[in-house]
Amino acid sequence: MENKHITIFHGPQHPGITGNMSIELDLLGETIQKATTHVGYLHRGFEKLIERRTVIQAFTIVCRICVPEPDPNEANFAMAVEELAGLEVTPRAQYIRVMVLELSRLAGQFLWMAGQSGSIGLYAVGQWAIADRDLILDLFEELTGGRVYHMYIYPGGVRRDLPEGFLEKVSSLLVYMKKRLKDYDDIFINNASFKNRAIGVGVISKEEAIANGYVGQVLRGCDIKADVRKDAPYLVYDELEFEVPTQTAGDVYARALVRRDEMDQSLHILEQVVEKMPEGEVMIKMPTHRKFKLPKDDTWVKVESARGEFAYYMAGDGSEKIRRMQVRGPSLVHAYTLLEDLLVGAELSDVALIMNSLGICPPEIER
Amino acid sequence: METIMFKEIKKRFATYDVEVKRNDLYKVGIKYSRLFELVHMLRDQYDYKTLNAITCTDWIEEGHFALTYILTTLDRKHTFMIQTMVNRENTQVETFSHEFKQAEIMERDLHEMYGIDFIGNENLKELSLENWVHTPPLRREFDTLEFVTNHLTFREGRDDNVDTKAETKRLRALKKAAKEAAKKAKEEAEVQKLKDEEVKDGK
C-alpha cells in the first residue's frame, strides 16, 4: 500500500508534549517531512505586567514564568535587581541560594526523567521519579512555605533563614538519593528499551549547536563543556568543586547520560554547601518598597538551570518600576530553531522522545 | 586581548568607551548604521560566535527603541551587549537571520511584541497572538487595562462578574445601616431600662 501525505497536530492535548504547545507535523507514512511549532495557548504577558509593577510586586510573579523550574527565575531576578541597585548579599544568603538552585536542578531532572521515560512507555520510572521529586518538594515546603512556587530568593538575600535541623534533613536526603539514583540506572538509563529507542535518535552536530545558540544538555551532549556555573561563575559556585559532564554522540541518549551525571554533581555540590554553610544574616537592609528605585541602566544576568543557560535582560529607568525585563530561557530557540529542524526525517513515534530531551518549557516562550 | 578590542571599538565605532559592567560583561552603544560591521568584527576577530538574544526596550519619551544584541564568545566566558537606538515609528531593521539562524525566531518575537519590521526575515508571522490587529502589546502606549475594558467581557454566571465600585458602595451602605440600627437598638434598650427602673422605684 502506498504511503500518503497527512498533516496531524501533536498537542497541545497530548501526554507526549512538554506543556501547552503543539507541533504541526506533515507526514509521509510515519516519517516527518515538515514540523512547525505552535505556541499561544497560555500567553500570560508577564513581561508586560512587570513593567507596571514595583520591583517587589514584580518579584511575586517571576517564579511563575517556568512551572517546573521557578528558582532560576527568582535567582536571575534578584541578581539583576541587586546588580542595578548596587546591593551585595551576605555569604550565608549566597550559600542558601546555591542550595535552593541545586535542589531545584535535582527536582527538574526528576521531572525530566518522568517525562522522558513516559515518552517511550516506561511508566514505572515516571512514578518513581515523581515520588522522589516530592521528597525535594517537602524540603522546599518546609523552607519556603511553597512546594512548587517558592518566592524565596528575594532581592537582598533570601526571605527567611533555614529552619532548625534543615541542613540535617538535606544531608539525609542526599544519602538516600545517592543510593536511590542507582536504581534509576537499572530501570531506566541502562534499560535496553530506552537505549534502543534513544541511541542514534535526534542527533545534533557540534558546529550547529554552537552557532545556533543552543544551551544546556544539548551542548554538553555534543562534547561541549558549557556550564554557566563554570564559564561565568555567579553566587559562590567558584568556591565549590564539581565537574561538567559531557558526552560525544549528540543524540537523545547522550543528553540523558549528561543529565544523569549532572544529578550526581548536584548531590556533590549540595554536600559541600551543607558542610561549608556560613553563619550570619540572610537578608541585607533594603529600602522600603515604594521608595526602591532602579537607576537608568541595564544588565544581563544568567544562571545554569536544569535545562541549560537561563538569562534575564533588565533595564531600570530611575523610577520604582522596572522599565524592561526580557527572559531568555532555553525554550524559544530549542522549540523553534532546533526542534523544527531535528524532527524532519524522524519517525512519528520519536517526536515525544526527541522533544523531551531538549528541555522545552512552553510557559517560558510565552512569558 | 580585551584592551585591544576596546580600543579598536572606540576608534572605529563608538564615541565613548566600552562599559565594563562585570568582568564577564561588556556593553557599547553605537549607531544603527554601524551595527552589522561591529557584530561581524566581534564574530570574526574576537570569537563572539553566538548570538544569545536580541532584546528591545521602549523609550517612548525619547522616541526610540533600544535594541540590544547580546553576543557570547566561543568559550562562553564573555558576553557583549551591543546597543543601538532605532526610531520607534515604522521601525525597519535589517535581519540577522541569514547569519545567525536563531535570530529568525528572536526577531519574530520582537516583531509581534513591538511591531518592528525586520527586513529580510521571511518568517515574521504570528507567534503567541492570534489575529492581533491592535497596538503591539509590549509598546508602552498599549494600556492593558484599557484594552481589557474595551475589548473583553466577563463570562456570564461568574461570581466575580460584578461592578466592584458599585458593589463596594452597596456593602458600605449595608454596613453603615447595620451600625446605625445597632446604635438605635442600644439607645432604645437603655431608654427601656430606665423606664423599667422608674416603674420599679415607683412601686
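What counts, and at which threshold
- Residues numbered from 1 in each chain as written.
- Chains lettered and ligands numbered in written order.
- Predicted model: local features only at pLDDT ≥ 70, side-chain atom pairs only at ≥ 80, totals over all residues.
- Pairing = 2+ DSSP bridges.
- Helix = DSSP H or I, 4+ residues; strand = E, 2+ residues; numbered from the N terminus.
- Axes fitted to C-alpha atoms, helices over the stretch in contact; angles between N-to-C directions.
- Contact = placed C-beta atoms within 7 Å.
- Core = buried A, V, L, I, M, F, W, Y, C linked by C-beta atoms within 7 Å.
- Buried ≥ 20, exposed ≤ 12 C-beta atoms within 10 Å, placed from the backbone.
- Parallel < 35°, antiparallel > 145°, perpendicular 65-115°, else oblique.
- Nonpolar A, V, L, I, M, F, W, Y, C, P; charged D, E, K, R; others polar.

*Asks:* Lay out the sheet that holds strand 5 (residues 79-87) of chain B in plain terms, naming residues and giving numbers.
*Replies:* Residue and element names in this part refer to chain B. Ordered in space as 1-2-5-4-3, the five strands form an open sheet in which the pairing is mixed. Taken across any chain shown, the strands that pair with only one partner, and hence form the sheet edges, are strand 1 (19-22) and strand 3 (50-59). Here the strands of the sheet are splayed against their neighbours by 25° on average, with no regard to which way each runs. Bridge count for strand 2 (residues 25-29) against strand 5 is five bridges, and the pairing is parallel. Within strand 5, the position partnered with Leu 25 by the bridge is Thr 79. Strand contacts of helix 3 (residues 103-114): strand 3 and strand 4 (64-72), with the helix running at about 10° to strand 3, the strand carrying the most contacts.

*Asks:* Please give an account of the environment of Thr 79 of chain B that cites residues and values.
*Replies:* Among the secondary structure elements, Thr 79 of chain B is positioned in strand 5. Along the chain, Thr 79 of chain B and Glu 2 of chain B lie 77 residues apart, while their C-alpha atoms are 12 Å from each other. Excluding residues within four positions of it along the chain, Thr 79 of chain B makes contact with Trp 300 of chain A together with Asp 24, Leu 25, Ile 70 and Thr 72 of chain B.

*Asks:* Explain the nonpolar core residue by residue, including any values.
*Replies:* Ranked by size, the top nonpolar core spans 146 residues in total, and within it Tyr 312 and Leu 339 of chain A together with Leu 71 and Ile 82 of chain B carry the most contacts. Examining the composition of this core, we find that 14 residues originate from one element, helix 4 (residues 91-118) of chain A, more than from any other. If sequence neighbours within four positions are ignored, Ile 82 of chain B has contacts with Val 28, Ile 30, Leu 35, Leu 38, Val 39, Thr 68, Tyr 69 and Leu 71 of chain B.

*Asks:* Describe the packing of helix 3 (residues 71-85) of chain A against helix 4 of chain A, naming the residues involved and giving the relevant values.
*Replies:* Residue and element names in this part refer to chain A. Close contact between helix 3 and helix 4 brings their axes to 9 Å; oriented N to C, the two are set at 150°. By the angle class used here, helix 3 and helix 4 are roughly antiparallel. Where helix 3 approaches helix 4, its residues Asp 71, Pro 72 and Ala 75 are matched on the opposing element by Arg 97, Val 100, Leu 101 and Ser 104. Residue composition of the contact of helix 3 with helix 4, by class: four nonpolar, one polar and two charged.

*Asks:* Go over the interface of chain A and chain B with me, naming the residues and quoting the values.
*Replies:* It is common to report an interface's size as the accessible area lost on association of the parts. Each side of the interface is counted separately: chain A has 27 residues, and chain B has 30 residues. Every element with two or more residues in the side of chain A that touches chain B is listed here: helix 1 (46-51), helix 8 (206-211), strand 6 (297-305), strand 7 (308-316), strand 8 (322-328) and helix 12 (331-342) of chain A. Among the residues making up the side of chain A that touches chain B, the classes are represented as twelve nonpolar, eight polar and seven charged.

*Asks:* Quick one: what's the story with unusual backbone geometry, residue by residue and with numbers?
*Replies:* All names here are of chain B. Even without glycine at this site, Asp 47 takes up a positive phi of about 75°. By the element assignment, Asp 47 lies in the loop between helix 2 (35-45) and strand 3. Backbone geometry at Asn 90 places phi at a positive 45°, although glycine is not the residue there. As for its placement among the helices and strands, Asn 90 is situated in the loop between strand 5 and strand 6 (92-94). With 8 C-beta atoms packed within 10 Å, Asn 90 lands in the exposed category.

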